[in-house]
Amino acid sequence: MKPFLSGNKVYLRQIEQEDLFGPYMDWFHDSEVTHHMLKGALPLSRKQQQDYFDQVINNSTNLILAIIHKEDNAHIGNVGLHNMDAIHRFAEMGVIIGNKDYWGKKLGEEAIRLICEHGFNQLNLNRIELGVIHSHKSAIRLYEKLGFRHEGVKRNHIFKHGNYVDVVLMAMLKGEML
């Protein structure tokens, strides 16, 4: 499929039905991959994966794209703008690099930059926000590096790994990307 957005090392394309039967589903069964996810390791079954695809990916308030490594054409993760609000011009951003072979190569950074630039410049968003588990320090540093700012903390917001954990709220306004 043709790239929707393209960078130096990755391109972003629409998620396809066939992606559900590739490595995509396995990412959500890997505790290392899901360790810092706010919602945990869901969905778990092919049916739940299909339902997610039908309900979320095909919803016009979401733009969820596959992250493809240009060098080998591997589907390594997903990035998206969720719950877009056309009146108030904001969206929630989410990203996952599910293929651990590609961790630490700044590919997620490039994918986030591409989706945020698209959100601000093409979708006319004014604000992109996210939540991140407080212990995920590398993600927080990355978001800060890109221009996201801390806006607050939801204390004991989710139950994860046997404890309640804080979620750091961050956002970037149009023109703040670094």
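Anything mentioned here points back to the structure above.
Throughout this description, residue numbers start from 1 for each chain and increase along the sequence as written. Totals for whole chains, interfaces and linings use every residue, but because this is a predicted model, local features are given only for residues with pLDDT of at least 70 and side-chain atom pairs only at 80 or more, for both listing and counting. With hydrogens and water stripped out, all remaining heavy atoms of the structure feed into the side-chain values.

Quick look at the nonpolar core now. Nonpolar side chains in soluble globular proteins tend to be buried together. By size, the foremost hydrophobic cluster in this structure holds 35 residues, and its most contacted members are Met 93, Cys 116, Tyr 143 and Phe 148. For this core, the elements supplying multiple residues, two or more each, are strand E2 (10–14), strand E3 (63–69), strand E4 (74–85), strand E5 (90–97), helix H4 (107–121), strand E6 (127–133), helix H5 (137–146) and strand E8 (163–173). Sort the elements by how many residues they give to this core and H4 lands first, with seven residues. We call two residues in contact whenever any of their non-hydrogen atoms come within 4.5 Å of each other. Those residues in contact with Cys 116 that lie beyond four places of it in its chain are Met 93, Ile 128, Phe 148, Met 172 and Met 177. For this analysis, a nonpolar core means a set of buried residues of the types Ala, Val, Leu, Ile, Met, Phe, Trp, Tyr and Cys, connected via side-chain atoms within 4.5 Å. To sort residues, take the accessible area from a 1.4 Å probe on protein chains only and compare it with the maximum for the residue type: under 20% means buried, over 50% means exposed, and anything in between is partly exposed. Helix and strand definitions follow DSSP, with helices as H or I runs of at least four residues and strands as E runs of at least two, each counted in order from the N terminus.

Turning our eyes to something else, we now look at the environment of Gly 131. You can see Gly 131 is positioned in strand E6. On the basis of relative accessible area, Gly 131 is assigned to the partly exposed category, the value being 30%. Other than its neighbours up to four places away in sequence, Gly 131 contacts Leu 38, Val 167 and Val 168.

Okay, H5 next. The set of residues buried in H5 consists of Ala 139, Ile 140, Leu 142, Tyr 143 and Leu 146. In a view along the axis of H5, the buried residues occupy a sector of 160 degrees, so they form one face of it. Its buried side turned inward, H5 meets E5, H4, E6, strand E7 (149–160) and E8. Trailing H5 by a residue or two, Gly 147 shows a phi angle of about 120 degrees, which is positive. Directions drawn from the helix axis to the C-beta atoms are what define this arc.

With that settled, consider the pattern of salt bridges. Only one rule defines a salt bridge in this text: a Lys or Arg side-chain nitrogen within 4 Å of an Asp or Glu carboxyl oxygen. Inspection of every chain in the model, using the stated rule, returns eight salt bridges. Between Arg 13 and Asp 19 there is a salt bridge whose closest N-O contact spans 2.8 Å. With its nearest N and O atoms 2.5 Å apart, the salt bridge here joins Arg 127 to Glu 151. Taken together, the residues Arg 127 in strand E6 and Glu 151 in strand E7 connect sequence positions 24 residues apart. Residue classification places Arg 127 among the partly exposed residues on the basis of a relative accessible area of 22%. In this structure Glu 151 comes out as partly exposed when scored by relative accessible area, which is 47%.

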